[in-house]
Amino acid sequence: GTTLSSGDLPSGTLNISNIVTRETPSPLPNGSTTVFSAPLNTTGVSGSEHVYFNGVLMEPGAGNDYTIVYTPTLTVTFLFTPTSTDKIRISYIKP
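The residue numbers shown here count from 1 along each chain, following its written sequence. Local features in a predicted model are, by the rule used here, given only for residues with pLDDT of at least 70; side-chain atom pairs are given and counted only at 80 or more, and totals for whole chains, interfaces and linings are based on all residues. Calculation of side-chain values draws on the structure's entire complement of heavy atoms; hydrogens and water are dropped beforehand.

The next point concerns the sheet that holds strand β6 (residues 75-78). The pairing criterion for strands is at least two bridges between them, as found by DSSP. Segments assigned H or I by DSSP are reported as helices when at least four residues long, segments assigned E as strands when at least two residues long, and all are numbered from the N terminus. Spatially, β2-β6-β5 is the arrangement adopted by the three strands of the open sheet, whose pairing is antiparallel. Two strands in the sheet have a free side with no partner beyond their single neighbour: β2 (35-37) and β5 (66-69). With direction set aside, neighbouring strand axes in the sheet form an average angle of 20°. Convention adopted: a line fitted to C-alpha atoms gives each axis, helices being fitted over their contacting stretch, and angles between N-to-C directions are expressed from 0 to 180 degrees.

Structure (structure tokens):
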């Protein structure tokens, strides 16, 4: 896992309002889309995310389950195509 230091967080403190848990990204899975984004143009602290696919924690990184960019919008790209019956949830820390 990734260890976050106080320097990774805004003004060195963790505020409960900065924690996002089990958010549903958009668009919803549809069998053709592999790219999913946090709503409202939200960014994330690098390394803070947990991506769940049908309740299972996914492994980040090229060659694993997904890749991620944090700015300008937190965006996850799966290395497979989720179907319309799949559920994706993302937990992360906002800067």
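This next bit is on the nonpolar core. Think of a nonpolar core as a cluster: buried Ala, Val, Leu, Ile, Met, Phe, Trp, Tyr and Cys residues, connected wherever their side-chain atoms sit within 4.5 Å. Relative accessibility under 20% of the residue-type maximum defines a buried residue, over 50% an exposed one, and the middle range a partly exposed one, all with a 1.4 Å probe and only protein chains included. Counting 15 residues, the largest nonpolar core has Val51, Tyr66, Leu74, Val76, Phe78 and Ile90 as its most contacted members. The set of elements that each furnish at least two residues to this core consists of β3 (50-53), β5, β6 and β7 (88-93). Counting residues per element, this core draws most heavily on β7, at three residues. In this structure, Leu74 is in contact with Phe36, Ser37, Ala38, Thr42, Thr43, Gly44, Ile68, Val69, Ile90 and Tyr92, ignoring residues within four places of it in sequence. In this description, contact between two residues means that some pair of their heavy atoms is separated by no more than 4.5 Å.

Taken in spatial order, the four strands make up an open sheet running β1-β7-β3-β4, and their pairing is antiparallel. Only two strands of the sheet have a single partner each, and these edge strands are β1 (19-23) and β4 (56-57). Bridge analysis of β3 against β7 gives four bridges, and the strand direction is antiparallel. Following the sheet pairing, Phe53 is matched in β7 by Ile88.

Glycine aside, negative phi is the norm for most residues, and most peptide bonds take the trans geometry. Residue Pro27 follows Ser26 across a cis peptide bond; omega there is -5°. If you trace the backbone, Pro27 turns up in the loop between β1 and β2. Of note, the bond from Thr71 into Pro72 is cis; its omega dihedral lies within 30 degrees of zero at 0°. By secondary structure assignment, the location of Pro72 is in the loop between β5 and β6. Of note, the phi angle at Arg22 is positive, near 50°, even though the residue is not glycine.

We now examine the environment of Leu74. With respect to the helices, strands and loops of the structure, Leu74 is situated in the loop between β5 and β6. Owing to a relative accessible area of 0%, Leu74 belongs among the buried residues under this scheme.

Turning next to a nonpolar patch on the surface. Nonpolar side chains (Val, Leu, Ile, Met, Phe, Trp, Tyr) are joined into patches within 5 Å and like charges within 9 Å, using only residues with over 30% relative accessible area and no salt bridge. To measure how exposed things are, a 1.4 Å probe is used in the Shrake-Rupley method; for residues, cover is taken only from the protein chains shown. The working definition used for a salt bridge is a side-chain nitrogen of Lys or Arg within 4 Å of a carboxyl oxygen of Asp or Glu. There is a patch of nonpolar side chains on the surface, built from Leu14, Ile16 and Ile19 and spanning about 300 Å² of accessible area. Its place among the elements puts Ile16 in the segment before β1. You can call Ile16 exposed: its relative accessible area is 69%.

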